[in-house]
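Fold and contact review
Listed here are the chains, written in short residue letters.
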Amino acid sequence: MVKRIIVDVCVIGGGSGGLSVASGAVQMGASVVLLEGHKMGGDCLNYGCVPSKALLHAAKSGMGWDDAHAHVRQTIATIEPHDSVERFDGLGVRVIQDYGRFISPTEVEVGDDVIEARRFVIATGSSPFVPPIPGLDKVPYLTNETLFDLEEQPKHLLIIGGGPIGMEMAQAHRRLGSKVTVIEGAKALGKDDPELAAQVLDVLRGEGIAIEEEALAAEVRGKVGAIEVEVKDGRVFTGTHLLVAVGRKANTEKLNLKAAGIEPTRAGIKVDDSLRTTNRKVYAIGDVAGGLQFTHVAGYHAGVIIRSMLFGLPSKQRTDHIPWATYTSPELAQIGLTEAEAREKHGDGLEVARFDFAGNDRAIATQQTDGRIKVMVVKGRPVGVSIVGPGAGEMINLWALALANNLKMSQIAAMVAPYPTMAEVSKRAAGAYFSPRLFDNPWVKRIVGLVQRVLP
Ligand SMILES: Cc1cc2nc3c(=O)[nH]c(=O)nc-3n(C[C@H](O)[C@H](O)[C@H](O)COP(=O)(O)OP(=O)(O)OC[C@H]3O[C@@H](n4cnc5c(N)ncnc54)[C@H](O)[C@@H]3O)c2cc1C
Ligand SMILES: NC(=O)c1ccc[n+]([C@@H]2O[C@H](COP(=O)([O-])OP(=O)(O)OC[C@H]3O[C@@H](n4cnc5c(N)ncnc54)[C@H](O)[C@@H]3O)[C@@H](O)[C@H]2O)c1
């Protein structure tokens with residue numbers, strides 16, 4: 001018999017975005033049902049951020065293959081309870097472990113139940129995009145969903161795609177002892193500042209990773225243990241295993257969006273600035289919303305919609321203050337505009353303040369001088385920051401605060417940073433912005449001269 005469940009909020013998908021909405025909404029007094037068809041915690045915990053960062057750490061620490069994979073499993077197991085059905089039950093969320101599909105603009109079917117909710121949230125995430133490369137369907141290949149369960153160590157891992165997944169996994173596997181070839185159709189780490197990305201790529205090449213750029217995979221052949229990838233210009237790369245990491249595909253196929261009047265796009269689901277879909281009672285957040293695809297973005301989206309969903313207040317997303325980092329060694333971090341984007345948008349109004357880690361005393365003392373920060377400044381305010389070097393992903397946090405709150409460079413310069421810390425480079429970049437204004441300015445010299453003459 002069909003059971004009808006009537007709630008304030010129905011969240012579809014128990015990953016980074018869905019769990020944040022569900023826990024926030026229930027703790028603020030809404031009745032919440034959460035549907036998760038596969039693993040609680042979604043991609044980030046099970047196949048994404050968590051295993052990839054654990055594997056990178058294990059590889060950097062010199063662990064062997066088996067220990068590294070044990071560390072990955074242990075890391076997931078330690079974090080898992082936080083995302084578990086038990087925890088959410090305890091918070092008062094009704095968790096249903098099955099896939100949901102719309103049957104009307106206001107109803108979702110899950111198993112034998114029908115859920116009627118005042119608001120629905122689609123947080124169904126994304127899956128690895130597998131491109132229609134001839135031959136790919138006939139060879140065994142890995143994606144982020146199978147890579148971390150690989151029992152045997154690849155002798156030679158071929159990776160199609162030089163984005164963050166490709167480059168992080170290239171370094172992890174190289175450091176674990178595999179040969180690695182990255183086959184990238186355009187430029188590796190192409191969403192980042194090319195000057196800073198080049199430093200990462202140099203280091204990775206120095207560690208023995210072959211990074212083939214302008215190499216669009218056109219055909220795949222072979223069998224287990226002997227796989228060939230031929231690229232558009234005829235070059236052929238051979239390895240024992242193949243990882244496909246060429247971007248993501250939104251998880252919408254199970255949702256029956258049409259029944260709810262929800263319009264899809266090529267990248268996912270069509271949303272407005274308040275993350276509402278074409279059905280005003282339904283929001284879409286995280287990877288499925290088709291914008292930047294990061295866990296912290298899914299979490300940010302959750303906050304944006306809770307405001308409008310629970311309090312009826314206007315609430316819009318921004319994208320100009322979203323940071324990201326790639327956790328290779330060295331790390332690469334970005335927020336706001338890159339230099340090229342800022343130049344295109346602001347022309348001569350742009351000033352770029354730089355500082356090299358080589359000028360930082362802690363970096364010298366700890367032999368970590370290969371790094372630099374670039375701050376794109378317009379009218380005294382940062383509009384973008386790029387950092388490469390050890391800890392870049394941590395250092396971008398300060399600039400995330402600055403860009404979120406439209407702070408001025410003078411406020412960064414006014415900060416007193418403990419000496420000697422690597423993160424002083426941010427303050428020094430602000431200093432580099434002001435020093436020509438102070439030290440090369442004849443007016444400053446004239447005023448100081450005058451004041452010195454009259455001071456008692
Ligand atoms: C290898 C890798 C490394 C990454 N590293 C990072 C990183 O370091 N930092 C970072 O910020 N981001 C990283 N990401 C991206 C990050 O994992 C995603 O942006 C994030 O998980 C998106 O969260 P989400 O809630 O939108 O989707 P997900 O976390 O994928 O959750 C969606 C959930 O919905 C469920 N679902 C789907 N359809 C239905 C349905 N019809 N009914 C019920 N349930 C359904 C799925 O089973 C899934 O559990 C990485 C991704 C990968 C692949
Ligand atoms: N550190 C992090 O925050 C982190 C880490 C991993 C993944 N992620 C998230 O996951 C998303 C997906 O990552 P990704 O690396 O799969 O995707 P991506 O879109 O960032 O990079 C894919 C790369 O594959 C290349 N490519 C596409 N088709 C190709 C072909 N036929 N032959 C050769 N190269 C081809 C593209 O030019 C591109 O450089 C990222 O955009 C990011 O949002 C984040």
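Here the structure is a predicted model, which means the values were calculated and not measured.

Conventions used here
- Residues numbered from 1 in each chain as written.
- Chains lettered and ligands numbered in written order.
- Predicted model: local features only at pLDDT ≥ 70, side-chain atom pairs only at ≥ 80, totals over all residues.
- Helix = DSSP H or I, 4+ residues; strand = E, 2+ residues; numbered from the N terminus.
- Rg over C-alpha atoms; globule rule 2.2 N^0.38 Å.
- Buried ≥ 20, exposed ≤ 12 C-beta atoms within 10 Å, placed from the backbone.
- Contact = placed C-beta atoms within 7 Å.
- Pairing = 2+ DSSP bridges.
- Near = placed C-beta within 6 Å.
- Axes fitted to C-alpha atoms, helices over the stretch in contact; angles between N-to-C directions.
- Left-handed = near helix turned anticlockwise from the far one by under 90°.
- Nonpolar A, V, L, I, M, F, W, Y, C, P; charged D, E, K, R; others polar.
- UniProt positions renumbered as here; feature names shortened; annotations may be inferred.
- Domains from an automatic or database assignment.
- Expected span 1.5 Å × (residues − 1).

**Looking at the overall build of the protein chain**
The helix and strand inventory of the protein chain stands at 14 helices and 21 strands. In terms of overall dimensions, the protein chain is globule-like: its C-alpha atoms have a radius of gyration of 25 Å, near the 23 Å expected for 456 residues. For the protein chain, the spread of C-alpha atoms along the principal axes amounts to about 95 × 60 × 40 Å. Out of the 456 residues in the protein chain, the part that is buried amounts to 44%. In the protein chain, the share of contacts with a sequence separation of at least 24, taken over all contacts with a separation of at least 6, comes to 65%.

**Describing the pairing of strand β20 (residues 372–378)**
Put simply, side chains in a regular strand alternate between the two faces of the sheet. Most of β20 sits out of view: 6 of its 7 residues are buried. Pairing analysis gives 7 bridges linking β20 to strand β21 (residues 381–389), with the strands arranged antiparallel. Across the sheet, R372 pairs through a bridge with V388, a residue of β21. Hairpin remark: β20 followed by β21, antiparallel, with 2 residues in the connecting loop; positive phi at K379, about 50 degrees.

**Considerations on the site of ligand 1**
Neighbouring residues of ligand 1: 38 residues in total, closest G13, G15, G42, G125 and G286. Among the elements of the structure, α1 (16–27), α2 (42–46), α3 (49–60) and α8 (295–311) are those that each provide at least two residues to the shell around ligand 1.

**Points about the site of ligand 2**
Near ligand 2 lie 27 residues; those nearest to it are G161, G163, G185, G247 and Q293. Those elements that provide at least two residues to the shell around ligand 2 are α6 (164–175) and β17 (323–326). No other element matches the 4 residues that α6 contributes to the shell around ligand 2.

**Observations concerning the packing of α3 against α6**
For the pair α3 and α6, the least separation of the axes is 8 Å and the interaxial angle reads 35 degrees. Taken as a pair, α3 and α6 cross one another with a handedness that is left-handed. Within the contact between the two elements, α3 uses S52, L55, L56, A59 and K60 and α6 uses E168, M169, Q171, A172 and R175. Of the residues belonging to the contact of α3 with α6, the class tally is 5 nonpolar, 2 polar and 3 charged.

**Points about the sheet that holds β20**
Ordered in space as β17-β18-β21-β20-β19, the 5 strands form an open sheet in which the pairing is antiparallel. Only two strands of the sheet have a single neighbouring strand rather than two, namely β17 and β19 (350–356). Geometrically, the sheet is characterised by an average inter-axis angle of 15 degrees between neighbouring strands, direction not taken into account. Helix α7 (residues 194–206) rests against β18 (331–336) and β21 of the sheet, and its axis sits at about 15 degrees to β21. Running over the sheet, helix α13 (residues 424–439) touches β19 and β20 and is turned about 135 degrees from β19.

**Overview of the sheet that holds strand β12 (residues 226–231)**
Spatially, β11-β12-β13 is the arrangement adopted by the 3 strands of the open sheet, whose pairing is antiparallel. Across the chains shown, the open sheet's two edge strands, defined by having one partner strand only, are β11 (217–223) and β13 (236–239). Between one strand axis and the next, the sheet turns by 20 degrees as a mean value, whatever way the strands run. Alignment of β12 against β13, held across 4 bridges, turns out to be antiparallel. Each residue of the ladder has a partner; that of V229, found in β13, is F237.

**Focus: the UniProt feature "binding site: FAD" (unreviewed entry) in the protein chain**
In the UniProt entry, the feature "binding site: FAD" (unreviewed entry) is given for K53, G100, T124, G125, S126 and D287. A maximum C-alpha distance of 30.6 Å is found for the annotated residues, which run over 235 residues; spatially they are spread out rather than grouped. Mapped onto the elements of the fold, K53 is located in helix α3. Examined against the element boundaries, G100 turns out to sit in the loop between β3 (94–96) and β4 (101–104). With 27 C-beta atoms packed within 10 Å, G100 lands in the buried category. Ignoring anything within four residues of it in the chain, the contact list for G100 reads I12, L35, V108, E109 and V110.

**Remarks on the domain arrangement of the protein chain**
Each domain of the protein chain was delimited in the assignment, giving domain 1 (3–41 + 83–125 + 251–311), domain 2 (129–247) and domain 3 (323–442). If you average the C-alpha positions of domain 1 and of domain 3, the two centres end up 37 Å apart.

**Some details on the UniProt feature "domain: FAD/NAD(P)-binding" (unreviewed entry) in the protein chain**
Here the UniProt feature "domain: FAD/NAD(P)-binding" (unreviewed entry) sits at residues 8–301. Structurally, residues 8–301 is divided into 28% helix and 25% strand, and its ends, taken at the C-alpha atoms, are 19 Å apart.

**Some words on α7**
The α-helix winds at 3.6 residues per turn, so residues separated by three or four positions along the chain end up facing the same way. With 13 residues, α7 should reach 18 Å at 1.5 Å per residue; the first-to-last C-alpha distance of 18 Å fits that figure. Its buried side turned inward, α7 meets α6, β10 (210–212), β18 and β21. Two residues or fewer past α7, G208 is found with a positive phi of approximately 105 degrees.

**Details of the packing of α1 against α8**
For the pair α1 and α8, the least separation of the axes is 8 Å and the interaxial angle reads 35 degrees. As α1 runs across α8, the sense of the crossing is right-handed. Contacts from S16, G17, S20, V21, G24 and A25 of α1 reach α8 at T295, A298, G299, H301, A302, I305, I306 and L310. When its residues are assigned to classes, the contact of α1 with α8 shows 7 nonpolar, 7 polar and no charged.

**Looking at α3**
Taking 1.5 Å per residue as the helical rise, α3 with its 12 residues ought to reach 16 Å, and the 16 Å between its terminal C-alpha atoms agrees with that figure. For α3, the set of buried residues is V50, P51, S52, A54, L55, A58 and A59. Among the structural elements, α2, α4 (65–79) and α6 are those in contact with the buried residues of α3. Taken from the residues just after α3, G62 is the one with a positive phi, measuring 85 degrees.

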